[in-house]
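Residues per chain, in single letters:
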Amino acid sequence: MNVAQLLVETFARAGVQNIYGLPGDSLNGITDCIRTHPDLRWVHVRHEETAAFAAGAEAHLTGKVAVCAGSCGPGNLHLINGLYDCYRSRVPVVAIAAQIPSAEIGSRYFQETNPQHIFAQCSDYCESVSDPEQMPRVLEIALQTAVAKRTVAVVTIPGDVALRPAIAKAPSVRLISPNPVLRPSDAELSSLAELLNGKERITILAGAGCAGAHAELIALASKLQAPIVHAMRGKEFIEYDNPFDVGMTGLIGFSSGYYAMMDCDLLLMLGTDFPYRQFFPERALVVQIDCRGEQLGRRAKLDLGLVGDVKQTIAALVPLVQQNQNRKHLEAAVDHYKRVRKDLDHLASPKSLGGHTHPQYVASLINELADEDAIFTCDVGSPTVWAARYLRMNGKRRLLGSFNHGSMANALPHAIGAQVSHPGRQVVSLSGDGGLAMLLGDLLTLRQLNLPVKVVVFNNESLAFVELEMKAAGFVEFGTDLKNPDFAKLAEAAGIAGFSAETPDQVRGAISNALRHDGPALVSVSVARQELSMPPTITFEQAKGFGLFMLRAVMDGRMHELVDLAATNLWH
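Here the structure is a predicted model, which is why all the values come from computation and not from measurement. (Residues numbered from 1 in each chain as written. Predicted model: local features only at pLDDT ≥ 70, side-chain atom pairs only at ≥ 80, totals over all residues. Heavy atoms only, no water.)

1. Observations concerning the packing of helix α12 (residues 255–262) against helix α14 (residues 328–347)
Turning to step 1, where the next piece is worked out: One can describe the packing of α12 onto α14 by two numbers: an axis separation of 8 Å at closest approach and a directional angle of 160°. It follows that α12 is roughly antiparallel to α14 by the angle criterion. In terms of crossing hand, the pair formed by α12 and α14 is right-handed. Mapping the contact onto sequence places Ser255, Ser256, Tyr259 and Ala260 in α12 and His329, Ala333, His336, Tyr337 and Val340 in α14. (Axes fitted to C-alpha atoms, helices over the stretch in contact; angles between N-to-C directions. Helix = DSSP H or I, 4+ residues; strand = E, 2+ residues; numbered from the N terminus. Parallel < 35°, antiparallel > 145°, perpendicular 65-115°, else oblique. Left-handed = near helix turned anticlockwise from the far one by under 90°. Contact = heavy atoms within 4.5 Å.)

2. Description of a negative patch on the surface
Turning to step 1, where the next piece is worked out: Judged by side-chain charge, Glu461, Asp486, Glu492 and Glu502 come together as a negatively charged surface patch.
Turning to step 2, where the next piece is worked out: Considering the arrangement of structural elements, one finds Glu461 in the loop between β15 (454–459) and α20 (464–472). (Patch = residues over 30% accessible without salt bridge, like charges linked within 9 Å, V, L, I, M, F, W, Y side chains within 5 Å. Areas by Shrake-Rupley, 256 points an atom, 1.4 Å probe, with all protein chains shown as cover. Salt bridge = Lys/Arg side-chain N within 4 Å of Asp/Glu carboxyl O. Lys, Arg positive; Asp, Glu negative; His and termini not counted. Charge placed at Lys NZ, Arg CZ, Asp CG, Glu CD.)

3. Some thoughts on the packing of aromatic side chains
Turning to step 1, where the next piece is worked out: Inspection of the entire model under this criterion finds 6 aromatic pairs.
Turning to step 2, where the next piece is worked out: Taking 6.0 Å as the distance between ring centres and 85° as the angle between the ring planes, the aromatic pair formed by Tyr258 and Phe279 counts as edge-to-face. Pair noted here: Tyr258 is in helix α12 and Phe279 is in the loop between β9 (266–270) and β10 (285–290), with a separation of 21 residues, a long-range link. For the pair shown, Tyr258 and Phe279 are each scored as buried.
Turning to step 3, where the next piece is worked out: Here the aromatic rings of Tyr276 and Phe279 are separated by 6.5 Å at their centres, their planes lie at 80°, and the arrangement is edge-to-face.
Turning to step 4, where the next piece is worked out: Look at Phe279 and you get buried, because its relative accessible area is 4%.
Turning to step 5, where the next piece is worked out: In textbook terms, an aromatic cluster arises when at least three aromatic residues are bridged by ring pairs, as seen for Tyr258, Tyr259, Phe274, Tyr276, Phe279 and Phe280. (Phe/Tyr/Trp six-rings, centres within 6.5 Å; stacked < 30°, edge-to-face > 60°. Buried < 20%, exposed > 50% of the residue type's maximum accessible area, 1.4 Å probe, protein only.)

4. Description of the environment of Thr272
Turning to step 1, where the next piece is worked out: Following the sequence through the fold, Thr272 ends up in the loop between β9 and β10.
Turning to step 2, where the next piece is worked out: Along the primary structure Thr272 and Ala231 are separated by 41 residues, whereas in three dimensions their C-alpha atoms are 7.3 Å apart.
Turning to step 3, where the next piece is worked out: If sequence neighbours within four positions are ignored, Thr272 has contacts with Leu205, Ala206, Gly207, Ala231, Gln288 and Asp290.

5. Section: the side chain of Thr151
Turning to step 1, where the next piece is worked out: On the secondary structure map, Thr151 appears in the loop between α7 (137–149) and β6 (152–158).
Turning to step 2, where the next piece is worked out: Overall, Thr151 belongs to the buried group, its relative accessible area being 2%.
Turning to step 3, where the next piece is worked out: With residues near it in sequence (within four places) discarded, Thr151 still touches Tyr87, Val91, Pro92, Val93, Asp124, Thr145 and Ala146.

6. With respect to the sheet that holds β9
The strands making up a sheet are joined through hydrogen bonds of the backbone, oriented either antiparallel or parallel.
Turning to step 1, where the next piece is worked out: With respect to topology, 5 strands assemble into an open sheet ordered β8-β7-β9-β10-β11, the strand pairing being parallel. Only two strands of the sheet have a single partner each, and these edge strands are β8 (228–230) and β11 (304–307). Strand-to-strand twist of the sheet, defined as the mean angle between neighbouring strand axes without regard to direction, takes the value 15°.
Turning to step 2, where the next piece is worked out: Pairing between strand β7 (residues 202–206) and β8: 3 bridges, direction parallel. Directly across from Ala206, in β8, lies its bridge partner His230.
Turning to step 3, where the next piece is worked out: The sheet strands contacting helix α10 (residues 214–224) are β7, β8 and β9, and the helix crosses β7 at an angle near 165°. (Pairing = 2+ DSSP bridges.)

7. Details of the sheet that holds strand β16 (residues 497–501)
Turning to step 1, where the next piece is worked out: Judged by pairing direction, the sheet is parallel, and its 6 strands sit side by side in the order β13-β12-β14-β15-β17-β16 without closing on themselves. Taken across any chain shown, the strands that pair with only one partner, and hence form the sheet edges, are β13 (398–401) and β16. On average, each strand axis in the sheet is tilted by 15° relative to the strand beside it, whichever way the strands run.
Turning to step 2, where the next piece is worked out: Bridge count between strand β12 (residues 375–378) and β13: 4 bridges; the pairing is parallel. Bridge pairing in β13 places Phe376 opposite Leu399.
Turning to step 3, where the next piece is worked out: Helix-sheet contacts for helix α15 (residues 359–369) involve β12, β14 (427–432), β15 and β17 (521–526), and the interaxial angle to β15 is about 165°.
Turning to step 4, where the next piece is worked out: Across the sheet, helix α16 (residues 382–390) touches β12, β13, β14 and β15, and the angle it forms with β14 is around 135°.

Take a look at the structure:
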């Protein structure tokens, strides 16, 4: 057994099934071992960034460690953006970064880089294997680190070292997935209960840390009569079967979520690191519970901060909490949410606008027509807005995006990882035209691997969310035009079923046909470019900036854009 064989066998013994990557000479020893291994699959993609995103999607959905690999120099450098996304999303991923021949390290050799320095900022473990005696120990530490900390671990190995005879005869890996009882002390819980029992207008802000704690969260909200605002990463775990749900807050949230937080006298943060400080109340008491103590007080000044697992902490807390008899705060927030929800549903109109379709209508149709256990991925920008507002979670559906790292081009790669790891599930990618174009080559991966991913392209021929940010800051948009190809024909040229919807009356049929198609399919929908995804509150600076934009647009001879903007939004 050589080092490469030992490495591959270690992955197999750890339960890894898929390794995403692109081959290269420094990886040859490893990929050749994968080729002959009965329990491992090499998932060949067209760009290493896609490999890292795909591994992250698999890890997110399964909760198990996933693996990606890149060859020396540019090959593993391409992994870095996807690995940053994995790191920020806290999913267990191990990356193999092949290295140049060991004798050439330090000589400025062809394709030489320093992976240990490069990946240090997006991993919690990054080590190099320079001697066969280090294997499989280094890899086992990497795997255990990734699983225990839900993080990224990187192992660098020169191609020649991978081909040397192994010292160890077999891997000894036995991954331990920690599941400790983690909750505040009895004294801390009593202090928290005393705070909660003394307030009547309590709002809960819940995030991804509430995964697996749905029943406990509802029980606590019932005791407190507290509306629940959810962060984007918490949507799939919190929104469904929840009479206390009042939507999101933040830049892409609802006004109901915003005011539920602003009108409370105590904000209870559960498993969330919601980053936008301007959306926190200024006068309310703030309590935060998180399993990571370093996150306490990061976003708001705390009156109490406790370390604990959300599920276990709530279970211990609920018996100590008195039943709140005052329902006014909850009823006002829920009624507000119902009005907002009605308004948002009204915006999902099939009416034509200059021949274009409102993107809200597209997202609402995807929600209506997709399977009840569909897996959705969405690109950063306006597709994330429409996913947040129109995709309804039900406890079976899943939703992935680059919600912390905020990278473009994530939706298609995430969909690849979702479909590879869940071959029996429907996977739908809500892709922006800019995001899809950035990693367009991996449409070919869908065909090559025959992955039945359904890609819906919101084609507005612009970087629409960037334009909105420019308008809000008072800038006339510049550099955001996209001269797109016919995406449906492009898909057909790649051997993928292609559908186009140029007008609203064509959208339902196109999406229905794509979802029914047995194989990969793409739907390109021509959507209104000037659709505004309004935040839940408008600051004076934003209003001032937007007025400045309109003045500049007139002076720049772009009056027609203002007419389009009004037609798309004010009259709509």
